[in-house]
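So you can see what is in the structure, the chains are spelled out below.
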Amino acid sequence: AGLNVKHVQKLASERNPLKRAAFIRRISQYPAHYLITLDEVSKDNRTYARMWGRARRGERVEKHHPFVRKERFSVLGAMALDEGFIATQVVEGSFTRELFLEFLHDDLV
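Residues numbered from 1 in each chain as written. Predicted model: local features only at pLDDT ≥ 70, side-chain atom pairs only at ≥ 80, totals over all residues. Heavy atoms only, no water.

Colleague: Looking at this model, I keep getting lost on the sheet that holds strand 1 (residues 36-44). Mind explaining?
Modeller: The strands making up a sheet associate through backbone hydrogen bonding, with each pair oriented either parallel or antiparallel. As summarised here, the arrangement of the three strands in space is 1-2-3, forming an open sheet in which the pairing is antiparallel. Edge positions in the sheet fall to strand 1 and strand 3 (84-92), since each has one partner strand and no second. Averaged over all neighbouring strand pairs, the angle between strand axes comes to 15°, with direction disregarded. Of the strand pairs in this sheet, strand 2 (residues 72-80) and strand 3 are connected by eight bridges, and their pairing is antiparallel. Bridge assignment links Val75 to a residue of strand 3, and that residue is Val90. Running over the sheet, helix 2 (residues 97-108) touches strand 1, strand 2 and strand 3 and is turned about 140° from strand 3. (Pairing = 2+ DSSP bridges. Helix = DSSP H or I, 4+ residues; strand = E, 2+ residues; numbered from the N terminus. Axes fitted to C-alpha atoms, helices over the stretch in contact; angles between N-to-C directions. Contact = heavy atoms within 4.5 Å.)

The following block contains the structure:
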């Protein structure tokens, strides 16, 4: 019937277009080079597998893989539009509140 299988796009149910517009109005008063963005990413040794597969109707798609979860590393980076990355930190495990505040104090400010 003209339908395709597609990945579902997840959107936050807390999304509020009015609050978003207010934020954009408020932040747009600053020149872009005044702003610094922070982002955290983490990586562990999980074995990734395909999320999609094909099977006959009524049968499940199964693929057996070893599931390994070992060390986890987290990276926190601060980036300025006109300078690129200005501070980064890598920790084993995840960033705690204390580690985040330490990064702000020691590496960023």
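Next comes the rest of the write-up.
Colleague: I tried to follow the nonpolar core on my own but got confused; where do I start?
Modeller: Generally speaking, nonpolar side chains in soluble globular proteins are found buried as a group. Ranked by size, the top nonpolar core spans six residues in total: Leu76, Ala78, Ala87, Val91, Phe95 and Phe103. Filtering out sequence-adjacent residues up to four positions away, Phe103 remains in contact with Leu38, Leu76, Ala78, Ala87, Thr88, Gln89 and Leu108. (Core = buried A, V, L, I, M, F, W, Y, C linked by side-chain atoms within 4.5 Å. Buried < 20%, exposed > 50% of the residue type's maximum accessible area, 1.4 Å probe, protein only.)

Colleague: Hey, could you run me through helix 1 (residues 17-27) in this one?
Modeller: Think of an α-helix as 3.6 residues a turn; residues three or four steps apart then line up on the same face. Taken across its 11 residues, helix 1 has zero buried, putting it largely on the surface. You can read the cap of helix 1 off the contacts: a side-chain oxygen lies 2.9 Å from the backbone nitrogen of Leu18, and it is on Asn16. (Polar contact = N/O pair within 3.5 Å; in protein donor to acceptor, adjacent residues only side chain to side chain.)

Colleague: Explain a nonpolar patch on the surface to me, please; I cannot follow it from the model alone.
Modeller: Among the surface-exposed residues, Ile36, Leu38, Ile86, Phe100 and Leu101 lie close enough to one another that they form a single nonpolar patch of about 380 Å² accessible area. Mapped by element, the contributors of at least two residues to the nonpolar patch are strand 1 and helix 2. One can find Phe100 in helix 2. On the basis of relative accessibility, which here comes to 30%, the residue Phe100 falls in the partly exposed class. (Patch = residues over 30% accessible without salt bridge, like charges linked within 9 Å, V, L, I, M, F, W, Y side chains within 5 Å. Areas by Shrake-Rupley, 256 points an atom, 1.4 Å probe, with all protein chains shown as cover. Salt bridge = Lys/Arg side-chain N within 4 Å of Asp/Glu carboxyl O.)

Colleague: Sorry if this is basic, but what is going on with the environment of Tyr30 here?
Modeller: Among the structural elements, Tyr30 can be located in the loop between helix 1 and strand 1. Owing to a relative accessible area of 42%, Tyr30 belongs among the partly exposed residues under this scheme. A distance of 3.5 Å separates the side chain of Tyr30 from the side chain of Gln29, its partner in a polar contact.

Colleague: Hey, could you run me through the side chain of Ser74 in this one?
Modeller: Residue position: Ser74 is located in strand 2. Within the structure, Ser74 has its side chain in polar contact with the backbone oxygen of Gly93 (distance 2.7 Å). Once residues lying within four places of it in the same chain are set aside, the contact partners of Ser74 are Glu40, Val41, Ser42, Gln89, Val90, Val91, Gly93, Ser94 and Phe95.

Structural measurements only, silent on function.
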